[in-house]
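Chain by chain, the residues run as shown.
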Amino acid sequence: MTTTAEVEKPRADPGTGRAPRPRPGRIRRIGLPYLLLLPALVLELLVHLVPMAIGIVMSFKELTQFYIRDWGTAPWSGLDNYRVSVDFDAPVGEALLHSFLVTVGFTLLSVGLCWLIGTAAAIFMQDTFRGRGLLRALFLVPYALPVYAAVITWVFMFQHDNGLVNHVLHDQLHLTDKPSFWLIGDNSFYALLTVSVWKGWPFAFLIVMAGLQNIPGELYEAAALDGAGMWQQIRRITLPSLGPVNQVLVLVLFLWTFNDFNTPFVLFGRAAPEAADLISVHIYQASFVTWNFGTGSAMSVLLLLFLLAVTGVYLAVTSRGRRASHAR
Amino acid sequence: MAPPSSFLWSRRIFLTLLTGFVLLPVYVMVSSSLKPLADVTGEFRWLPSGLTIRPYIDIWSTVPLARYFVNSLVVAGAATVCSVVIAVFSAYAVSRYDFRGKRAFTVTVLSTQMFPGILFLLPLFLLYVNIGNATGIALFGSRGGLILTYLTFSLPFSIWMLIGYFDSVPRDLDEAALVDGCGPLGALFRIVVPAAIPGIVAVAVYAFMTAWGEVLFASVMTNDTTRTLAVGLQGYSTLNDVYWNQIMAASLVVSVPVVAGFLLLQRYLVAGLTAGAVK
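Worth saying up front: this structure is predicted, and the values here are computed from it rather than measured.

Colleague: Can you help me understand the overall build of chain A in this one?
Modeller: A count of helical and extended segments in chain A gives 16 helices and zero strands. In chain A, which comprises 328 residues, the share counted as buried stands at 50%. Of the contacts made within chain A by residues no fewer than 6 positions apart, 64% connect residues no fewer than 24 positions apart. Accessible area for chain A stands at about 15500 Å²; split by element, carbon and sulfur atoms hold 66% of it.

Listed below in structure tokens is the structure:
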């Protein structure tokens, strides 16, 4: 995959016996890849690398609202912001640890459910039946809906007095003694999980569907000839063949869910309830509500280190990572 | 071979339940948008007591929805065009050429894709404020600034997807074009881009959808005149009343263009994901 310069290499090869002719446009050609990359490089620098550098510098400063106008003058605080963030006995660190653990639990549950539902739906819809096209389009609707429009509908459904959820659970099915609160208190975790799975599983569905198209039909024919039933074919052929696809899918789902800000922010507003205090909102709150950008930055850097570590380990363990890091 | 009945029954039950789960909020959105206010403030009712299109008229005057709509359209559209064009050039360079620093570039692109938005929010916020103080160019609060920040999500994804997609376009095709006297850019635009249309459409759809649905940057980086739909929808709740019927009507109105576009282009999306991400 890396042999990309087949066109260029023979010309640049001095071993052909001919002296390389000076050719008009030759320099332009050698510089061409860089020229093509230039816009991306400038933007990457502007929107990623410079902000990251600033973020790291910020995390070593005592950056409160007094210094926002001219943050360069904020006094250095060394490792203080980090010390505060990881001091789990003090309020700030304790809250961060709590938020981190909530986020990990939430992410694992959400990714697991999204993967399960998406895979089941894709496998059930692998062969044609009446209404399949329509169903497939319907299933993609949660993915296509803008986050705020979809989540705000869930907010309405989770309302205490006039929401559908309490109406069904309490008034119609009599499952609860009294109407529950869904957007505050402990139930908020399940509310968040429901919305996240509702919004996220179609992506798993989409990717697994794409992956299923790459499984050669002969495998199923051979298995059928050997007398394998439908369920056996799914277990022995479909699921193992999805291995490489699943590796990418799970990593992407994990990163997206872990970093999700939009869903909890629309669901709960600026301050999430303790039971559903995801890390992104927590850092937002630490920075923009209590106006301590220095601590917020330190938390961001810690989060980044964690994600890098997880991704690194994941890529090292899965084959996709080995292939990707060589080929790309 | 006909599937066994255990499979058929499992499929029927599973797909029915899933359809219900998926459609429930959609039903609530549609039905509530046609209810009079008394219906949405009282106990939930499955059916409206009286159908009204009043919410669809009122949404435009309760908040300046049309202005938010235009803002969202401009920002999402510009972010999409920028990231697709830039990604096409750089993905072509990575897919077709060997050059020093290629690995560093792709690793950077891959890794920035997984960074949380919150990581860039604070520094970009400060950077924009600083640039504004120093030069008078108002990035903070402007559409331009928001477009720039949206490239943080869409650009790495677009580049990464398109590299995969361009790799799947047979190299012989553009090599032949080069031999026939096309320049590298001619080969890119006459051969590679047309062959990679599904991938490019998929990337464009993704970029537009993320920009259209983004809340975090929109809530920090906009002001009264540049506010997008993501933030503007919050205007329907006042201290005293929450106009749920109007919120649902507005949600529906802002959703229809993206959902319709997405469903029209979903074929491309599946094809694009197959070649770009799954391979």
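That covers the picture; the talk isn't over yet.
Colleague: Hey, could you run me through the interface of chain B and chain A in this one?
Modeller: By a widespread convention, an interface's size corresponds to the accessible area lost as its parts come together. Opposite the 107 residues of chain B that make contact, chain A presents 111 residues. With both chains or domains summed, chain B and chain A bury close to 10100 Å², and 75% of this area falls on carbon and sulfur atoms. Put simply, chain B and chain A have one salt bridge between them. Residue A:Asp127 is joined to B:Arg11 by a salt bridge in which the shortest nitrogen-to-oxygen separation is 3.0 Å. Between chain B and chain A we count twelve residue pairs in polar contact (both at pLDDT 80 or more) in total. If you tally residues by element for the side of chain B that touches chain A, the top one is helix H13 (residues 244–278) of chain B, at 18 residues.

Colleague: I would appreciate a short explanation of the UniProt feature "transmembrane region" (unreviewed entry) in chain A in the present structure.
Modeller: This chain's UniProt record puts "transmembrane region" (unreviewed entry) on residues 31–60, 100–125, 137–157, 189–212, 237–258 and 297–317 of chain A. Secondary structure across residues 31–60 of chain A comprises 93% helix and 0% strand; the distance between its end C-alpha atoms is 39 Å.

Colleague: So what exactly am I meant to see when it comes to the UniProt feature "transmembrane region" (unreviewed entry) in chain B here?
Modeller: All names here are of chain B. Annotation from UniProt places "transmembrane region" (unreviewed entry) at residues 12–30, 68–92, 104–127, 147–166, 187–209 and 243–265. Annotated as residues 12–30, this span is 100% helix and 0% strand, and its ends, taken at the C-alpha atoms, are 26 Å apart. Secondary structure content for residues 104–127 is 83% helix and 0% strand, and the end C-alpha separation is 25 Å.

Colleague: Before we go on, may I ask you to explain a negative patch on the surface in this structure?
Modeller: Residues and elements named next belong to chain A. A cluster of like negative charges, contributed by Asp87, Asp89, Glu94, Asp186 and Glu274, occupies part of the molecular surface. Structurally, aspartate 89 can be placed in the loop between helix H3 (80–86) and helix H4 (91–124). Overall, the relative accessible area of 74% leaves aspartate 89 in the exposed class.

Colleague: What is the right way to read empty space enclosed by the protein from this model?
Modeller: Over the atoms rolls a probe the size of a water molecule, and in doing so it shows where empty space is left. The full count for this structure, using the stated rule, is eight cavities of 30 Å³ or more. In this structure, the largest cavity encloses a volume near 960 Å³. Lining the largest cavity are 39 residues, and of these A:Trp256, A:Asp260, A:Asn262, B:Tyr206 and B:Thr210 sit closest to its centre. Secondary structure elements with two or more residues in the lining of the largest cavity: H4, helix H6 (141–144), helix H9 (188–212), helix H12 (243–259) and helix H13 (262–268) of chain A together with helix H6 (117–135), helix H7 (143–168) and helix H10 (197–213) of chain B. When residues of the lining of the largest cavity are assigned to their parent elements, the largest contribution, five residues, is made by H12(A). For the lining of the largest cavity, the class distribution of residues is 21 nonpolar, 15 polar and three charged.

Cut-offs applied
- Residues numbered from 1 in each chain as written.
- Chains lettered and ligands numbered in written order.
- Predicted model: local features only at pLDDT ≥ 70, side-chain atom pairs only at ≥ 80, totals over all residues.
- Heavy atoms only, no water.
- Helix = DSSP H or I, 4+ residues; strand = E, 2+ residues; numbered from the N terminus.
- Buried < 20%, exposed > 50% of the residue type's maximum accessible area, 1.4 Å probe, protein only.
- Contact = heavy atoms within 4.5 Å.
- Areas by Shrake-Rupley, 256 points an atom, 1.4 Å probe, with all protein chains shown as cover.
- Buried area = accessible area lost by both parts, 1.4 Å probe.
- Salt bridge = Lys/Arg side-chain N within 4 Å of Asp/Glu carboxyl O.
- Polar contact = N/O pair within 3.5 Å; in protein donor to acceptor, adjacent residues only side chain to side chain.
- UniProt positions renumbered as here; feature names shortened; annotations may be inferred.
- Patch = residues over 30% accessible without salt bridge, like charges linked within 9 Å, V, L, I, M, F, W, Y side chains within 5 Å.
- Lys, Arg positive; Asp, Glu negative; His and termini not counted.
- Charge placed at Lys NZ, Arg CZ, Asp CG, Glu CD.
- 1 Å grid on protein atoms, 1.4 Å probe; cavity = no way out; pocket = protein on both sides within 12 Å on 5 of 7 lines; lining within 4 Å.
- Points joined across faces, edges and corners; volume = space filled by probe spheres on them.
- Nonpolar A, V, L, I, M, F, W, Y, C, P; charged D, E, K, R; others polar.

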